[in-house]
Amino acid sequence: MEEESAVHIPPSDEMNSLSVEASSSSPTQMTPEERFRIVRSVGEECIQEDELLNLLTKKPQPICYDGFEPSGRMHIAQGVMKTISVNKMISAGCKVKIWVADWFAQLNNKMGGDLKKIQTVGRYLIEIWKAAGMDLNGVEFLWSSEEINSRASEYWPLVMDIARRNKLPRIMRCVQIMGRNDQEELSAASIFYPCMQCADIFFLKADICQLGMDQRKVNVLAREYCDDIKRKNKPIILSHHMLPGLQQGQEKMSKSDPSSSIFMEDEEAEVNLKIKKAYCPPKIVQGNPCLEYIKFIIFPWFNEFKVQRSAANGGDKTYTSHEELIADYVEEKLHPSDLKPALSKALNKILQPVRDHFNKDANAKDLLKRVKSYRVTR
């Protein structure tokens, strides 16, 4: 299908720099082009841009679908990057439906398949987004177990039709959405899961699928299903960037490897230590997780990056663009020993309200204690 091989068009640097406070104007005051600029900035890839602009021109409040498996503690990409993305979507007039995929986590054997533990993790994750500053007025959290059970007669025929119209190899190509690879021993759930996730998109009446690049295949499957059933309006795929792990060669963060990521309720000293140990070679930009953190978390959150250093090392400097920072880093005008403390300070500033919430709110504190006691299973 043409969508699977769609040209990868990254957003412009101007789009990437859009802050978490995407616009001071209300969506009704914006032109479709202004709304497009904000929504497009969320994705590393968009399938297809012309369809997105057309949607925003014709529909005042498109439905954007996002989802997550409650599978353990929340790392900073899921916490901060999702908050930034959701707030941008809402500022552009979208309604965001966040699918709390508890049944999917059970299918994927997360928390040992214990649904009660999975649902506890789900409540903990919602508490984090609340504390991190997600605009919950524009968000609807929907639990997959509740929604599917209450509208079973609508959901399961859709799942069955998707399964019926696709050959097994096509479904198995989507297995990576579960965080699994072909070498692992797969259960029958590996066949259910993609068919159900594809059905979710239509079940939730989503206009936009806003998920990570690792979920791209199943979103493409949904567009292909539209071809099969002769449906004109296909869901638009807006795939966000995947933040790498903190150690060399880690393509993505891992909840089972605490050294690979910063968790949303990590204490200040833990953040400082993890960033201090993070891979950050001088002059090297490619595969440098610290520079990625600055690009995808710090600049969108603060619109700047402040570095404090001695006069001998060039004195204090405030960067207002990622390009300027990269230029200095490549030319060794900015050294990792100065960049890392500045990054830690900025991250801690973002995370402090979350720490405060989990220290002061009895319910949040109890949820965190329980989640920390659970053994993470793959």
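Scroll up to find the structure.
Source: prediction; values computed, not measured. Here the residue numbering is sequential within each chain, running from 1 through the sequence in written order. Residues qualify for local features only when their pLDDT is at least 70, as the model is predicted, and side-chain atom pairs are given and counted only at 80 or more; totals for whole chains, interfaces and linings, by contrast, use all residues. Computation of side-chain values: all heavy atoms of the structure, hydrogens and water removed.

Participant: Would you take a moment to explain the pattern of salt bridges for this structure?
Facilitator: Within this document, salt bridges are pairs made up of a side-chain nitrogen of Lys or Arg and a carboxyl oxygen of Asp or Glu, the two lying within 4 Å of each other. Per the counting criterion, the structure on display carries 23 salt bridges. The residue E140 makes a salt bridge to K95 at a minimum N-O spacing of 3.5 Å. Taken together, the residues span a long stretch of sequence, with E140 in strand β4 (residues 139-143) and K95 in strand β3 (residues 95-100) at a distance of 45 residues. For K317, the salt bridge goes to E324, with nearest N and O atoms at 3.7 Å. Its relative accessible area of 26% is what places K317 among the partly exposed residues. The exposure class assigned to E324 is partly exposed, which follows from its relative accessible area of 29%. Each of R73, E265, D266 and K274 takes part in salt bridges that share partners, so that together they form one network. Helix and strand assignments come from DSSP, with helices taken as H or I runs of at least 4 residues and strands as E runs of at least 2, each series counted from the N terminus. Burial here depends on accessible area, computed with a 1.4 Å probe over protein chains only, as a share of the maximum for the residue type. Under 20% is buried, over 50% is exposed, and the range in between is partly exposed.

Participant: It is not clear to me how the pairing of β3 should be interpreted in this structure. Could you clarify?
Facilitator: Within a regular beta strand, the side chains point alternately toward one face of the sheet and then the other, so they alternate between its two faces. With respect to burial, β3 is a largely interior element, five of its six residues being buried. The rule for pairing is simple: two strands pair if DSSP sees at least two bridges between them. By the bridge criterion, six bridges tie strand β2 (residues 63-68) to β3 in an arrangement that is parallel. Looking across to β3, one finds that C64 is bridged to V96. Note on handedness: a crossover is taken as right-handed if, strands pointing away from the viewer, the path from the first strand over the helix to the second is clockwise. The parallel pair β2 and β3, bridged by helix α4 (residues 76-91), forms a crossover whose chirality is right-handed.

Participant: Would you explain helix α13 (residues 289-302) in this entry?
Facilitator: An α-helix turns once every 3.6 residues. As a result, residues three or four positions apart point the same way. Take the number of residues in a helix, subtract one, and multiply by 1.5 Å to get its expected span. The end-to-end C-alpha separation of α13 is 19 Å, in line with the 20 Å expected for 14 residues at 1.5 Å each. Taken as a whole, α13 carries its principal kink of about 30 degrees at K295. Within the sequence span of α13, burial applies to P289, C290, L291, Y293, I294, F296, I297, I298, F299 and P300. Polar contact is defined as a pair of N or O atoms within 3.5 Å, subject to the rule that within protein one atom must be able to donate a hydrogen and the other to accept it, and that residues adjacent in sequence are counted only when both atoms are side-chain atoms. Capping the start of α13 is the job of one residue whose side-chain oxygen sits 3.1 Å from the backbone nitrogen of C290: N288. The bend reported for a residue corresponds to the angle between axes fitted to the seven residues ending at that residue and the seven starting there.

Participant: Please clarify how the packing of aromatic side chains should be interpreted in this entry.
Facilitator: Two aromatic rings, drawn from Phe, Tyr or Trp (for Trp, its six-membered ring), form a pair once their centres lie within 6.5 Å of each other, and the interplanar angle then sorts them: stacked below 30 degrees, edge-to-face above 60, tilted otherwise. What the rule picks out here adds up to eight aromatic pairs. A centroid spacing of 5.2 Å and a plane angle of 85 degrees characterise the contact between F104 and Y193, whose relative ring orientation is edge-to-face. Here Y193 lies in helix α10 (residues 189-203) and F104 lies in helix α5 (residues 102-107), a separation of 89 residues in the sequence. Connected via pairs of aromatic rings, a cluster forms that spans W99, Y155, W156 and F203. We note R151 situated over the ring of F203; from NZ or CZ to the ring centre the distance is 3.9 Å. The rule for a charge over a ring is simple: NZ of Lys or CZ of Arg within 6 Å of the ring centre, and within 35 degrees of the ring normal.

Participant: Help me understand the nonpolar core, please; the structure alone is not making it clear to me.
Facilitator: Most often, soluble globular proteins have nonpolar side chains that are buried together. We call a set of buried Ala, Val, Leu, Ile, Met, Phe, Trp, Tyr and Cys residues a nonpolar core when their side-chain atoms join them within 4.5 Å. Counting residues in each nonpolar core, the largest one holds 80 residues, and the members touching the most others are I76 and F305. In this structure, I162, C195, C198 and F203 belong to the second largest nonpolar core, which totals 29 residues.

Participant: Is there a simple way to explain the sheet that holds β4 in this structure?
Facilitator: In a beta sheet, neighbouring strands are held together by backbone hydrogen bonds and run either parallel or antiparallel to one another. Here six strands make up an open sheet; going across it, the order is β1-β6-β5-β2-β3-β4 and the pairing mixed. Each edge of the sheet is formed by a strand with only one pairing partner; in this case those strands are β1 (45-47) and β4. In this sheet, adjacent strand axes meet at a mean angle of 20 degrees when their direction is disregarded. Across five bridges, strand β5 (residues 208-212) lies against strand β6 (residues 236-240) in parallel orientation. Bridged to I208 within β6 is I236. Each axis is a line fitted through C-alpha atoms, taken for helices only over the stretch in contact, and angles between the N-to-C directions span 0 to 180 degrees.

Participant: Hey, could you run me through helix α16 (residues 362-373) in this one?
Facilitator: Over its twelve residues, α16 runs 17 Å from end to end, which matches the ideal 16 Å to within 8%, given 1.5 Å per residue. What α16 keeps buried is the set A364, L367, L368 and V371. When α16 is viewed along its axis, its buried side chains cluster within an angular range of 100 degrees and face the same direction. Exposed residues pointing more than 90 degrees away from the buried face of α16 are listed as A362, K369 and S373. Here a residue-residue contact requires only that any non-hydrogen atoms of the pair lie within 4.5 Å. Contacts from the buried residues of α16 go to α6 (115-132) and α15 (336-360). Taking the backbone nitrogen of N363 as reference, a side-chain oxygen 3.1 Å away marks D361 as the first, capping residue of α16. The directions from the helix axis to the C-beta atoms form the arc being described.

Participant: Would you mind going over the environment of M264 with me for this structure?
Facilitator: Within the fold, M264 resides in the loop between β6 and α12 (268-277). Of the residues examined, M264 reaches a relative accessible area of 0% and is grouped as buried. Separated by 190 residues in the primary sequence, M264 and M74 place their C-alpha atoms 5.9 Å from one another. Contacts of M264, omitting those with residues within four sequence positions, involve M74, H75, I76, G79, V80, I128, A132, L351 and V354.

Participant: Can you walk me through the state of the cysteines in this structure?
Facilitator: Should the sulfur atoms of two cysteines be covalently bonded, the bond is a disulfide. We call a pair of cysteine sulfur atoms a disulfide whenever their separation is within 2.5 Å. Applying the stated criterion across every chain, the model contains zero disulfides. Unpaired in terms of disulfides, C94 finds its nearest cysteine sulfur in C64, a separation of 5.9 Å. When its relative accessible area of 3% is taken as the criterion, C94 is described as buried. Considering cysteine sulfurs only, C195 is the nearest to C198, which forms no disulfide, with 7.6 Å between them.

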